[in-house]
Amino acid sequence: MLTLITNARVFAPEPLGTRQVLIAGDRIAAVAETVDLRGNAVDVIDADGGILLPGLVDVLTHPCGGGGEGGFQNRTAEVGFEAFLRAGVTGPVGALGTDSITRSLDVLYGTVMELRRNGLDAFMYTGSYRVPADTLTGDIARDLVLVDPVLGVGELAISDHRSSQPTTDEIRRTAADARLGGIISGKGGIVLVHVGDGEGGLAPIRDALSTSDLPITSFLPTHVNRNQALLDEAIEFAKEGGCIDITVSSVPEFIEQGEVPALQALESVIAAGVPDGNYSLSSDAGGSLPLYRDGKLQGLQAAGPGVLLELLCDVLSGQPETAAATIASMTRNPARALGLETKGRIEPDCDANFLILNQATHALTDVFCRGRRLMRRGAIE
Ligand code: ZN
């Protein structure tokens with residue numbers, strides 16, 4: 001089956017201008033001003049001048065719910081297929097969150113497989129906030145090798161009052177096991193690290209790196225825009241070759257307490273000269289947004305996956321010069337950090353995971369994942 005998208009403004013994520021994109025099965029076959037069809041029967045879709053970009057890869061989501069601080073009444077809800085699809089997230093990566101007691105990796109696996117069967121390119125992490133890490137098979141490396149959707153370990157919590165307060169040895173061992181599993185299975189084998197607002201910042205990761213042979217890319221710290229000091233530290237980490245992840249979900253109270261808004265954080269990362277590719281944006285969908293004052297829980301909301309596309313729409317309308325970097329932060333960069341080399345780009349031989357946004361309103365109109373059209377003109381197929 002061949003599908004030709006015509007008249008699309010392509011962000012690959014590099015801006016390519018108006019291009020045609022040929023889809024053959026589940027892959028992108030060609031990207032050109034005019035694709036040579038050589039007489040093949042082709043289903044032609046006119047993008048009508050809309051923006052065509054890779055499907056979003058979200059390195060941190062909680063499809064089976066994340067938090068639940070303050071009691072069972074606060075358990076965050078599951079995030080389902082339709083929510084991810086309407087958010088343009090074709091590649092959600094699921095993790096357990098604060099609560100790995102009443103939510104398990106078995107449940108997460110089932111939820112991720114449900115997303116896959118519905119057509120998304122969903123993945124997951126083994127482990128949770130805690131060490132020793134929860135696993136599916138009894139061993140981190142075995143999980144990576146034997147369980148298809150498992151890409152790494154996450155979100156291991158550090159510098160947070162809710163974490164296991166892991167020792168350097170525990171962090172090192174967790175990352176080494178993830179790396180071994182990644183090497184054997186051909187996956188990224190990274191540890192997604194939840195960094196809290198404790199004074200330690202990235203120091204636990206630094207300690208693990210300086211006392212081991214692990215490469216800096218073994219760790220992907222997230223929530224690095226939690227405060228300015230942590231963001232500054234993360235910028236240095238990324239300039240040294242590490243990858244960092246900025247959380248887009250927020251509430252006004254977090255910003256009041258010193259969180260750096262995601263777009264502002266992205267701009268300062270770029271302005272600081274962090275290598276192109278070493279930063280990403282994630283939603284933390286399904287995660288809790290607990291509001292603590294003086295160590296006491298004041299309230300709690302849940303994050304949604306739509307924040308990435310909302311941010312992108314704001315950028316496309318208000319500051320289009322930042323559009324390519326913003327798109328890269330939601331597509332190519334996270335895919336690379338996770339070792340998903342065929343995702344997050346509009347190039348021949350890459351997976352045909354892409355979105356089309358309306359030319360004028362930037363609303364999401366079409367979603368393709370692995371060559372399958374999941375959304376047509378705003379309606380779910
Ligand atoms: Zn987290």
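Residues numbered from 1 in each chain as written. Predicted model: local features only at pLDDT ≥ 70, side-chain atom pairs only at ≥ 80, totals over all residues. Heavy atoms only, no water.

A. Focus on the overall build of the protein chain. Scanning the protein chain from terminus to terminus reveals 11 helices and 19 strands. By the compact-globule yardstick of 21 Å for 381 residues, the protein chain fits well, its C-alpha radius of gyration being 20 Å. Summarising its shape, the C-alpha atoms of the protein chain cover approximately 65 × 45 × 40 Å along the three principal directions. Among the 381 residues that make up the protein chain, the fraction classed as buried is 56%. Taking all contacts inside the protein chain whose residues are at least 6 apart in sequence as the whole, residues at least 24 apart take part in 70%. Accessible area for the protein chain stands at about 14,700 Å²; split by element, carbon and sulfur atoms hold 48% of it. The distance from the centre of the 30 positive side-chain charges to the centre of the 49 negative ones in the protein chain is 5 Å. (Helix = DSSP H or I, 4+ residues; strand = E, 2+ residues; numbered from the N terminus. Rg over C-alpha atoms; globule rule 2.2 N^0.38 Å. Buried < 20%, exposed > 50% of the residue type's maximum accessible area, 1.4 Å probe, protein only. Contact = heavy atoms within 4.5 Å. Areas by Shrake-Rupley, 256 points an atom, 1.4 Å probe, with all protein chains shown as cover. Lys, Arg positive; Asp, Glu negative; His and termini not counted. Charge placed at Lys NZ, Arg CZ, Asp CG, Glu CD.)

B. Geometry of the coordination of the zinc ion. Looking at the zinc ion, one finds its protein donor set to be Glu 155 (OE), His 194 (ND1) and His 223 (NE2), positioned 2.1 Å from the metal centre. Sequence positions of the residues that donate to the zinc ion give the spacing E-x38-H-x28-H. With a gap of 68 residues between them, Glu 155 in strand S9 (residues 150-158) and His 223 in the loop between strand S11 (219-222) and helix H6 (228-239) connect regions that are remote in the sequence. Taking relative accessible area as the criterion, His 223 reaches 6% and is therefore assigned buried. (Donors = N, O, S within 2.8 Å, 3.2 Å for Na, K, Ca; no water.)

C. Highlighting the packing of helix H9 (residues 307-318) against helix H10 (residues 323-330). One can describe the packing of H9 onto H10 by two numbers: an axis separation of 9 Å at closest approach and a directional angle of 165 degrees. As summarised for this structure, H9 and H10 are arranged roughly antiparallel, according to the angle between their axes. Here H9 and H10 pass one another in a crossing that is left-handed. Two secondary-structure elements touch here, H9 through Leu 308, Leu 311, Leu 312, Val 315 and Leu 316 and H10 through Ala 323, Thr 326, Ile 327 and Met 330. Split by residue class, the contact of H9 with H10 holds 8 nonpolar, 1 polar and no charged. (Axes fitted to C-alpha atoms, helices over the stretch in contact; angles between N-to-C directions. Parallel < 35°, antiparallel > 145°, perpendicular 65-115°, else oblique. Left-handed = near helix turned anticlockwise from the far one by under 90°. Nonpolar A, V, L, I, M, F, W, Y, C, P; charged D, E, K, R; others polar.)

D. A look at the pairing of strand S13 (residues 279-282). Going residue by residue along S13, you find Tyr 279 and Leu 281 tucked away on one face and Ser 280 and Ser 282 tucked away on the opposite face as well. Sheet analysis places strand S12 (residues 244-247) next to S13, joined by 4 bridges and oriented parallel. Bridge pairing in S13 places Ile 246 opposite Leu 281. (Pairing = 2+ DSSP bridges.)

E. Quick peek at helix H4 (residues 168-185). For H4, which comprises 18 residues, the first-to-last C-alpha distance of 26 Å matches the rise-based estimate of 26 Å (1.5 Å per residue) to within 8%. For H4, the set of buried residues is Ile 171, Thr 174, Ala 175, Ala 178, Gly 181 and Gly 182. An end-on view of H4 places all buried positions within 125 degrees of arc, on one side of the element. When the buried face of H4 is taken as reference, the exposed residues oriented beyond 90 degrees from it are Arg 173, Ile 183 and Ile 184. (Expected span 1.5 Å × (residues − 1). Arc of directions from axis to C-beta.)

F. Quick peek at unusual backbone geometry. Along the chain, Ala 12 connects to Pro 13 via a cis peptide bond; the corresponding omega equals 15 degrees. Its place among the elements puts Pro 13 in the loop between strand S1 (2-11) and strand S2 (15-24). Cis geometry is found at the peptide bond from Val 131 to Pro 132, where omega equals -10 degrees. Relative to the helices and strands, Pro 132 is located in the loop between strand S8 (123-126) and helix H3 (140-146). Not every positive phi belongs to a glycine, and Asp 48 is a case in point at roughly 60 degrees. Phi at Asp 349 is positive, roughly 80 degrees, even though this residue is not glycine.

G. The arrangement of the packing of aromatic side chains in detail. Under the counting rule described, the total for this entry stands at 1 aromatic pair. Both rings, one in Phe 354 and one in Phe 368, keep their centres 4.6 Å apart while their planes meet at 10 degrees; by these two values the pair is stacked. Highlighted residues: Phe 354 in strand S16 (residues 354-357) and Phe 368 in strand S17 (residues 364-369), separated in sequence by 14 residues. An identical accessibility class is assigned to Phe 354 and Phe 368; each is buried. (Phe/Tyr/Trp six-rings, centres within 6.5 Å; stacked < 30°, edge-to-face > 60°.)

H. Examining the nonpolar core more closely. With 77 residues, the main nonpolar core has Leu 53, Phe 219 and Leu 281 as its most contacted residues. In terms of residues, this core owes the most to one element, H9, which gives 7 residues. Setting aside chain neighbours within four positions, we find Leu 53 in contact with Phe 11, Leu 312, Ile 327, Ile 346, Phe 354, Leu 355 and Leu 357. (Core = buried A, V, L, I, M, F, W, Y, C linked by side-chain atoms within 4.5 Å.)

I. Region of the structure containing the environment of Met 1. Relative to the helices and strands, Met 1 resides in the segment before S1. Residue classification places Met 1 among the exposed positions, given a relative accessible area of 72%. It is 51 Å that separates the C-alpha atoms of Met 1 and Ser 159, two residues lying 158 residues apart in sequence.

J. Representation of the sheet that holds S11. Taken together, 6 strands build an open sheet; the order of strands is S6-S7-S8-S9-S10-S11 and the sheet is parallel. Two strands in the sheet have a free side with no partner beyond their single neighbour: strand S6 (56-61) and S11. Taking each pair of neighbouring strands and ignoring which way they run, the sheet shows an average axis angle of 30 degrees. Taken together, the 2 bridges between strand S7 (residues 89-94) and S8 define a ladder with parallel strand orientation. Paired with Gly 94 across the bridge in S8 is Met 124.

The analysis is restricted to geometry; functional conclusions fall outside its scope.
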